[in-house]
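# Examining the three-dimensional arrangement
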Amino acid sequence: MLPLPVFQHHSPTSLVEALALLVRLGDAARLVAGGTDLLPNMKHGLVEPEHLVSLSRVDGLASIAVSDTHVELGAMTKLADIAAHPEVGRHAPALAEATGAVGGPHHRRMGTLGGNVCLDTRCVYYNQTYFWREALGFCLKKDGSACHVVASGKNCVAAASNDSGPALIALAAELELASPSGTRSVPAAEFYTPDGLANTVKRADEILTRVRVPRVVGRKSAFEKLRRRGAIDYPLLNAAARVDRTSDGSIASVEVVVSALAARPKRVKPTRPLVGNVAAEALVASYVEAAYKQCRPLTNLDNDTDWRRDMVRVVVERALRRAAAVD
Ligand SMILES: Cc1cc2nc3c(=O)[nH]c(=O)nc-3n(C[C@H](O)[C@H](O)[C@H](O)COP(=O)(O)OP(=O)(O)OC[C@H]3O[C@@H](n4cnc5c(N)ncnc54)[C@H](O)[C@@H]3O)c2cc1C
Ligand code: SF4
């Protein structure tokens, strides 16, 4: 069993106090929510914070509120609560399905939405013990200078491995970030970057506090995932699809997002505009081919890349068929 390194634990009870701690402790501190990813990563020596600032006692961060316009979720809301919430299931099914597909039951009961949105990228050459990584000469993401996935690469292409990411992008969610200088709202589609070292625009002094998912009449969404073991594993691929229809049933807009490829979830671009009176079959066929052309899995995850590429068609088709289904 790998030991957990020594660290100092802080338990602020307000957001102001948590933000002040982040400023005071600087690079030596990390936020911890459910700890289901951060603590294993600390055991592997991937992150070495001297201080953990826990959000678990901060007031007002664990909530689900449904208004006429939005579903609003606090960052400390447990994944299991989101997955089981009937209103989330009704208005944002892709998110309910994505949160319900994270890890196993214990991860979903401990893990939070904020921790999932801010999850570190993963790579088969990185998520290993210190000795394993040392034997390989480490890599760019931690302690080394080379990438084992793209041999001549200067950038890390570790994979975004959170299930909520593609769902929140597909649903056009907004993420609220608080810092000592105020709050800002970032569209989920602009939150992730292609840099596997740190794949979000969140600054070290910011805390994700809230996620707002718009409620849209005529909207359907769905999430699909490929993983080694259905009971527990991180995604080898995941896809979220969202289709908005007007009152006469024609298509107003579509979004398809595929992830677990590289550091930033991929928004699939259709080869031709697909709005108006488009048959569901034509819509699905067009996006499936576009996704296959645009999504090229890398050797960053421990599985056959050709098979994962073929499976892009399958996960996209499954998600989009459900999102495009006519009542
Ligand atoms: C065996 C196993 C299987 C797993 N399978 C999956 C899977 O299938 N899909 C998946 O998505 N994840 C999976 N996970 C990862 C993890 O359990 C989930 O992603 C979980 O949602 C993380 O949430 P947490 O609250 O535990 O985050 P933590 O571990 O506490 O934090 C994760 C990261 O987010 C940061 N953070 C946390 N909250 C905030 C906030 N409010 N603002 C800013 N930064 C914040 C932390 O500093 C840390 O860097 C798995 C983990 C394990 C161990
Ligand atoms: S993609 Fe390359 S640099 Fe990034 S974690 Fe993997 S091996 Fe390391």
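Just above sits the structure.
First, a word on scope: everything that follows refers to the structure included in this document. All residue numbers here refer to positions counted from 1 along the written sequence of the relevant chain. Written order decides the labels, with chains lettered from A and ligands numbered from 1. Selection of residues for local features in this predicted model requires a pLDDT of at least 70, selection of side-chain atom pairs for listing and counting requires 80 or more, and totals for whole chains, interfaces and linings are taken over all residues. Hydrogens and water molecules were not included; the side-chain quantities draw on all heavy atoms of the structure.

### A word on the pairing of strand 11 (residues 251–259)
Put simply, the rule reads: Note on classification: 1.4 Å probe, protein chains only; a residue is buried when its accessible area is under 20% of the maximum for its type, exposed when over 50%, partly exposed between these limits. A run of H or I in DSSP becomes a helix once it reaches four residues, and a run of E becomes a strand once it reaches two; helices and strands are each numbered from the N terminus. Two strands make a pair as long as DSSP finds a minimum of two bridges between them.
Burial analysis of strand 11 places 7 of its 9 residues in the buried class, which makes it a mostly covered element. Between the antiparallel neighbours strand 10 (residues 237–245) and strand 11 lie 5 residues, among them Gly-249 with a positive phi of about 90°. Looking at chain direction, strand 11 and strand 12 (residues 266–267) are connected through 2 bridges and run antiparallel. Residue pairing across strands places Val-258 opposite Lys-266, the latter belonging to strand 12. If you look at the hairpin formed by strand 11 and strand 12, you'll find 6 residues sitting between the two strands, and Ala-260 has a positive phi there, around 65°.

### Thoughts on the pairing of strand 6 (residues 174–179)
The two faces of the sheet receive side chains in turn, since in a regular strand these alternate between them. The buried fraction of strand 6 is high, at 5 of 6 residues. In the sheet, strand 6 pairs with strand 7 (residues 182–187) via 6 bridges, with the strands oriented antiparallel. Bridge pairing in strand 7 links Glu-174 to Pro-187. Connecting the antiparallel pair strand 6 and strand 7 is a turn made up of 2 residues. In this sheet, strand 8 (residues 207–214) lies alongside strand 6 in antiparallel orientation, the contact comprising 5 bridges. Directly across from Glu-174, in strand 8, lies its bridge partner Arg-212.

### Remarks on the layout of surface pockets
Applicable threshold: Detection works on a 1 Å grid of protein atoms alone, calling trapped sets that fit a 1.4 Å probe cavities and calling open sets with protein on both sides within 12 Å along at least five of seven lines pockets, with lining residues defined by an atom within 4 Å of a point. Grid points are joined across faces, edges and corners, and a volume is the space filled by probe spheres set on the points. In this classification, the charged set is Asp, Glu, Lys and Arg, the nonpolar set is Ala, Val, Leu, Ile, Met, Phe, Trp, Tyr, Cys and Pro, and all remaining amino acids, among them Gly, are polar.
For the second largest pocket, the calculated volume is near 330 Å³. Lining the second largest pocket are 16 residues, with Ala-262, Arg-264, Pro-265, Lys-266 and Arg-267 positioned closest to its centre. Along the lines of polarity and charge, the residues of the lining of the second largest pocket split into 10 nonpolar, 1 polar and 5 charged.

### Looking at the site of ligand 2
We count it as follows: We call a residue near a given molecule or strand whenever any one of its heavy atoms falls within 4 Å of it. Each molecule is checked against the cavity or pocket grid, and it sits inside if more than half of its atoms lie within 2 Å of the grid points.
In the vicinity of ligand 2, the contacting residues are Cys-123, Tyr-125, Tyr-126, Cys-139, Leu-140, Lys-141, Cys-147, His-148, Val-149, Cys-156, Val-157 and Ala-158. Counting atoms within 2 Å of the grid points, the majority share of ligand 2 lands in the largest cavity. A breakdown of the residues in the shell around ligand 2 according to their chemical character gives 10 nonpolar, 1 polar and 1 charged.

### Things to note about the sheet that holds strand 5 (residues 70–74)
How we decide: Only the stretch in contact is used when fitting a helix axis, every axis being a line fitted to C-alpha atoms; angles between N-to-C directions are given from 0 to 180 degrees. By definition, residues are in contact when any of their heavy atoms lie within 4.5 Å.
If you walk across this open sheet you meet the 5 strands as 4-5-8-6-7, and the pairing is antiparallel. Only two strands of the sheet have a single partner each, and these edge strands are strand 4 (64–66) and strand 7. Here the strands of the sheet are splayed against their neighbours by 20° on average, with no regard to which way each runs. Helix 1 (residues 15–25) contacts strand 6 and strand 8 of the sheet and is inclined by roughly 125° relative to strand 8.

### Description of the site of ligand 1
Cut-off, in case you're wondering: Throughout this description, a polar contact denotes any pair of N or O atoms lying within 3.5 Å of each other; where both atoms belong to protein, one of them has to be capable of donating a hydrogen while the other can accept it, and for residues adjacent in sequence the pair is counted only when both atoms sit in side chains. Areas reported here follow the Shrake-Rupley algorithm with a probe of radius 1.4 Å; residue values treat only the protein chains shown as occluding. Domain borders in the structure are assigned automatically or taken from a domain database.
Near ligand 1 you find 34 residues, and of these Leu-31, Thr-36, Thr-112, Asp-163 and Lys-225 are the closest. Between ligand 1 and Gly-34, the relevant distance is 2.8 Å, taken from an oxygen atom to a main-chain nitrogen or oxygen of the residue. Contacts to ligand 1 include Thr-36, whose side-chain N or O atom sits 2.6 Å from an oxygen atom. Protein burial of ligand 1: of its 980 Å² of free accessible surface, 93% is covered by the chains. For the shell around ligand 1, the elements supplying multiple residues, two or more each, are strand 2 (29–32), helix 7 (113–117) and strand 8. Its residues placed into classes, the shell around ligand 1 shows 16 nonpolar, 12 polar and 6 charged. Two domains each donate at least three residues to the shell around ligand 1, and these are domain 1 (1–59) and domain 2 (64–118 + 159–324).

### Some details on the packing of aromatic side chains
We apply this condition: Any two of the Phe, Tyr and Trp rings considered here, Trp counted by its six-membered ring, make a pair once their centres fall within 6.5 Å; the pair's planes then place it as stacked at under 30 degrees, edge-to-face at over 60, or tilted in between. As a reminder, the over-ring test applies to NZ of lysine and CZ of arginine, requiring each to be within 6 Å of the ring centre and within 35 degrees of the ring normal.
Applying the stated criterion across every chain, the model contains 3 aromatic pairs. Geometrically, the ring pair formed by Phe-191 and Tyr-192 is edge-to-face, given 5.1 Å between the ring centres and 85° between the ring planes. Ring pairs connect the aromatic residues Tyr-130, Phe-131 and Phe-138, which therefore count as one cluster. Sitting above the plane of the Tyr-292 ring, Arg-309 keeps its charged end 4.0 Å from the centroid.

### Looking at the sheet that holds strand 10
One open sheet accounts for 4 strands, arranged 9-10-11-12; its pairing is antiparallel. Looking at strand neighbours, the two that pair on one side only are strand 9 (219–226) and strand 12, the edges of this open sheet.

### Brief notes about the pattern of salt bridges
Put simply, the rule reads: Salt bridges are counted wherever a side-chain nitrogen of Lys or Arg sits within 4 Å of a carboxyl oxygen of Asp or Glu.
A full pass over the atoms with the stated rule returns 22 salt bridges. Between Asp-120 and Lys-141 there is a salt bridge, with its nearest N and O atoms 2.8 Å apart. With Asp-120 in the loop between helix 7 and helix 8 (130–135) and Lys-141 in the loop between helix 8 and helix 9 (164–170), this pair connects stretches of sequence that are 21 residues apart. Of the two residues, Asp-120 and Lys-141, neither departs from the other in class, the shared state being buried.

### Details of helix 11 (residues 280–294)
Short version of the rule: A helix is expected to reach a length of 1.5 Å times the quantity of its residues less one.
Between its terminal C-alpha atoms helix 11 stretches 21 Å, which fits the 21 Å expected from 15 residues at 1.5 Å a residue. Listed as buried for helix 11 are Leu-283, Val-284, Ser-286, Tyr-287, Val-288, Ala-290, Ala-291 and Tyr-292. Taken together, the buried residues of helix 11 touch strand 10, strand 11 and helix 12 (305–324).

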